[in-house]
Amino acid sequence: MTTSTKLTTRRVAGATTALILLTALNFVNYIDRYILPGVQEMVKGEFHASDAEIGSLTTWFMLAYICAAPITGWLGDRFPRKPLVVFGAIFWSSMNLLSATVHTFGALNLRHAALGLGEASFGIFAPAILSDFFPAQERNRVMTIFNLAIPVGAALGYLIGGTVGSHYGWRAPFYVSAVPGILFALMILFMMREPERGASEVEKTKIGKADLLALVTNRAYLSSIFGYAFITFCMGGLSWWMPSFLHRVNGYSLGQAGFTIGAITAVTGIVGTATGGWIASRLLKRNSSALYLVSAFGCLASIPFALLTFFGPSWATLPSLAGAEICLFLGTGPINAATVNAVTAANRASALAGQLLLIHLLGDMPSPLLIGLVSDHSNLRLGMGVTTLALAVAGVILLAGGRFVKRNPVAA
């Protein structure tokens, strides 16, 4: 075996190891995040909270999340990302463990906000690391694999929250979810190497002020993150309130609601994410705008399913919910690949920080609270219906965004 072959084999092994470990940690990340929605009806009962107060838990989580984004983006463009990922994972796992010890609603809110600080680092650094391991033509596939962890992790979070919580109280699931994050963080520390910044790029670049300023005029990048923000508005509202919707509107027990939402999210997430990534990969051979078009189609196609879920007869709730989620998950991999392809290696962490800031500021930070407010003044059906407006806006933005890809030399 030649020296060149050995180096290539080593690079492939290192990239594969990074993809496996970061995807596993992403899986745990979403388990931790969706424990609370699985037990929120129990939390609401213990603390006598309104729907608006329950929704505010996510608002404060996301506020901390987005406040950390500029700092983590700056750090990620200047310092090694691996130790930052490890620290963030250990921190958020520790915060999850502390959830089991709180006895006031204010303390739970504070702890949930602190969880956002730890998770913010991972949401920026992991895609940037993977983009340095894999070239542009492979990123749709890589981001699709990485994001398959989202529905599966969320599903298990619902399941653990609803099932364990219904048997042992709402605090018990947080003990269960805290340990895996620490274990995977240690595996990353000892088993994953830090890639050279921009290693997968044809041209090496150095960061400068011009690179950061260029983000605000990069229309392909802005279209991807604003479109993603309105998708996140819908998905954030759905993920937070659907267990309560099944419990209140369809009469499910808390355990049944958590199990049902978890099962539907796992299956539709895998099917939708894998299908969307495959379709985008095929279309990219003929159309450079495919990443945007697949995501736009998913948004618009999900609207009738969502309306039937919220306002249709009870027998239609679950099949229409599955249809809506499959359509939404079609764009999970493509929209993230579109974002990282729209920028250079020099400002990728900052670009991802900007994405994280906007998708949560406009997306799942306000949506659970807004749904809760509408529910307090009318009912949960109308509250959930607000999310369909966001889907229409997302579809229009992404359709328009596809026109800017050819003008962006990195996105081709």
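Given the structure is predicted, the values throughout are model-derived calculations rather than measurements.

Engineer: Would you take a moment to explain the overall build of the protein chain for this structure?
Structural biologist: What the protein chain contains, in helices and strands, is 16 helices and 0 strands. Computed over the C-alpha atoms, the radius of gyration of the protein chain is 20 Å, within 12% of the 22 Å expected from 2.2 N^0.38 for a compact globule of 412 residues. With respect to the three principal axes, the spread of C-alpha positions in the protein chain is 65 × 40 × 40 Å. Every one of the 412 residues in the protein chain was classed for burial, and the buried ones make up 59%. Look at the contacts in the protein chain between residues 6 or more apart in sequence, and 87% of them connect residues 24 or more apart. As presented, the protein chain carries roughly 16,100 Å² of accessible surface, and 71% of it is formed by carbon and sulfur atoms. Mean positive and mean negative side-chain charge positions of the protein chain (27 and 17 charges, respectively) differ by 11 Å.

Engineer: Honestly, helix H9 (residues 219–248) in this entry has me stumped. Any pointers?
Structural biologist: Two residues of an α-helix separated by three or four positions point the same way, owing to the 3.6 residues in each turn. With 30 residues, H9 should cover 44 Å at 1.5 Å per step; its first-to-last C-alpha distance of 43 Å lies within 8% of that length. Along H9, the helix axis deviates most sharply at Trp241, where the bend reaches about 50°; the proline Pro243 sits within four residues downstream. By the criterion of burial, H9 is predominantly enclosed, with 23 of the 30 residues buried. Between the side-chain oxygen at the start of H9 and the backbone nitrogen of Ala220 there is a gap of 3.3 Å, and the oxygen is on Asn218.

Engineer: Would you mind going over the side chain of Thr339 with me for this structure?
Structural biologist: Relative to the assigned elements, Thr339 resides in helix H13 (residues 332–341). A relative accessible area of 1% places Thr339 in the buried class. For Thr339, the residues in contact, after removing those within four places along its chain, are Tyr221, Ser224, Ile225, Leu352 and Gln355.

Engineer: Even after reading the chapter, I still don't get the packing of aromatic side chains, so can you show me in this structure?
Structural biologist: Remark: the centre distance and the inter-plane angle together describe each pair of aromatic rings, the angle taken between the planes. Evaluated as defined, the whole model comprises 10 aromatic pairs. Here the aromatic rings of Tyr30 and Tyr34 are separated by 6.2 Å at their centres, their planes lie at 15°, and the arrangement is stacked. Here Tyr30 pairs with Tyr34, and both are found in helix H1 (residues 3–47), just 4 residues apart, close to one helical turn. Neither residue differs from the other here; Tyr30 and Tyr34 are each classed as buried. Arranged with centres 6.2 Å apart and planes meeting at 90°, the rings of Trp170 and Phe174 form a pair that is edge-to-face. Grouping residues by exposure puts Trp170 and Phe174 together as buried. Taken together through their ring pairs, the aromatic side chains of Phe47, Phe105, Trp170 and Phe174 make up a single cluster.

Engineer: For this particular structure, what's the right way to read the confidence of the model for the protein chain?
Structural biologist: Reading predicted coordinates in detail is not appropriate for stretches of low pLDDT. Looking at the protein chain, pLDDT values average 83 and 91% of them are 70 or higher. A low-confidence stretch, residues 407–412 stays under pLDDT 50, and its non-local contacts, those more than four residues away or across chains, total 11 contacts.

Engineer: Just checking my understanding: could you explain the nonpolar core for this structure?
Structural biologist: Soluble globular proteins tend to bury their nonpolar side chains together. With 108 residues, the main nonpolar core has Leu22, Trp170, Met242 and Met384 as its most contacted residues. In terms of residue count, H1 provides more of this core than any other element does, 15 residues in total.

Engineer: Explain the pattern of salt bridges here, please?
Structural biologist: Two side chains with opposite charge may pair up if their charged atoms get near one another. Under the definition given, this model contains 7 salt bridges. Among the ionic pairs, Glu46 bridges to Arg171, the shortest N-O distance being 3.0 Å. Of this pair, Glu46 sits in helix H1 while Arg171 sits in the loop between helix H6 (149–168) and helix H7 (172–191), and the two are 125 residues apart along the sequence. Here Glu194 ties to Arg81 by a salt bridge, and the two come within 2.7 Å at their closest N and O atoms. In this pair, Glu194 is assigned in the loop between H7 and helix H8 (209–214) and Arg81 in the loop between helix H2 (51–76) and helix H3 (82–98), connecting sequence segments 113 residues apart. A residue is classified by how much of its surface remains accessible, and Arg81, at 2% relative accessible area, is buried. What you see here is one network of salt bridges that share partners, running through Glu41, Lys44, Asp51 and Arg248.

Engineer: In this structure, what is going on with helix H16 (residues 380–401)? I would like to understand it.
Structural biologist: Relative to the 32 Å expected for 22 residues at 1.5 Å per residue, H16 spans 33 Å between its end C-alpha atoms, a close match to the ideal helical length. Along H16, the positions that sit buried rather than exposed are Leu380, Gly383, Met384, Gly385, Thr387, Thr388, Ala390, Leu391, Ala394, Gly395, Leu398 and Gly401. Against H9, helix H11 (290–311), helix H12 (317–329), H13 and helix H15 (367–377) lie the buried residues of H16. For H16, the N-terminal capping position is held by Asn379, with its side-chain oxygen 3.0 Å away from the main-chain nitrogen of Arg381.

Engineer: Could you clarify how one ought to interpret the packing of H15 against H16 in this entry?
Structural biologist: Each pair of packed helices can be summarised by the angle the axes make with each other and by the distance between the axes. Put simply, H15 and H16 touch, their axes get as near as 7 Å, and they point 145° apart. In this structure, the crossing between H15 and H16 has a hand that is right-handed. In this structure, H15 contributes Leu370, Ile371, Val374 and Ser375 to the contact, and H16 contributes Leu380, Leu382, Gly383, Met384, Val386 and Thr387. When grouped by side-chain class, the residues that make up the contact of H15 with H16 number 7 nonpolar, 3 polar and no charged.

Procedures and definitions
Residues numbered from 1 in each chain as written. Predicted model: local features only at pLDDT ≥ 70, side-chain atom pairs only at ≥ 80, totals over all residues. Heavy atoms only, no water. Helix = DSSP H or I, 4+ residues; strand = E, 2+ residues; numbered from the N terminus. Rg over C-alpha atoms; globule rule 2.2 N^0.38 Å. Buried < 20%, exposed > 50% of the residue type's maximum accessible area, 1.4 Å probe, protein only. Contact = heavy atoms within 4.5 Å. Areas by Shrake-Rupley, 256 points an atom, 1.4 Å probe, with all protein chains shown as cover. Lys, Arg positive; Asp, Glu negative; His and termini not counted. Charge placed at Lys NZ, Arg CZ, Asp CG, Glu CD. Expected span 1.5 Å × (residues − 1). Bend = angle between axes of the 7 residues up to and from the residue. Polar contact = N/O pair within 3.5 Å; in protein donor to acceptor, adjacent residues only side chain to side chain. Phe/Tyr/Trp six-rings, centres within 6.5 Å; stacked < 30°, edge-to-face > 60°. pLDDT = per-residue confidence, 0-100. Core = buried A, V, L, I, M, F, W, Y, C linked by side-chain atoms within 4.5 Å. Salt bridge = Lys/Arg side-chain N within 4 Å of Asp/Glu carboxyl O. Axes fitted to C-alpha atoms, helices over the stretch in contact; angles between N-to-C directions. Left-handed = near helix turned anticlockwise from the far one by under 90°. Nonpolar A, V, L, I, M, F, W, Y, C, P; charged D, E, K, R; others polar.

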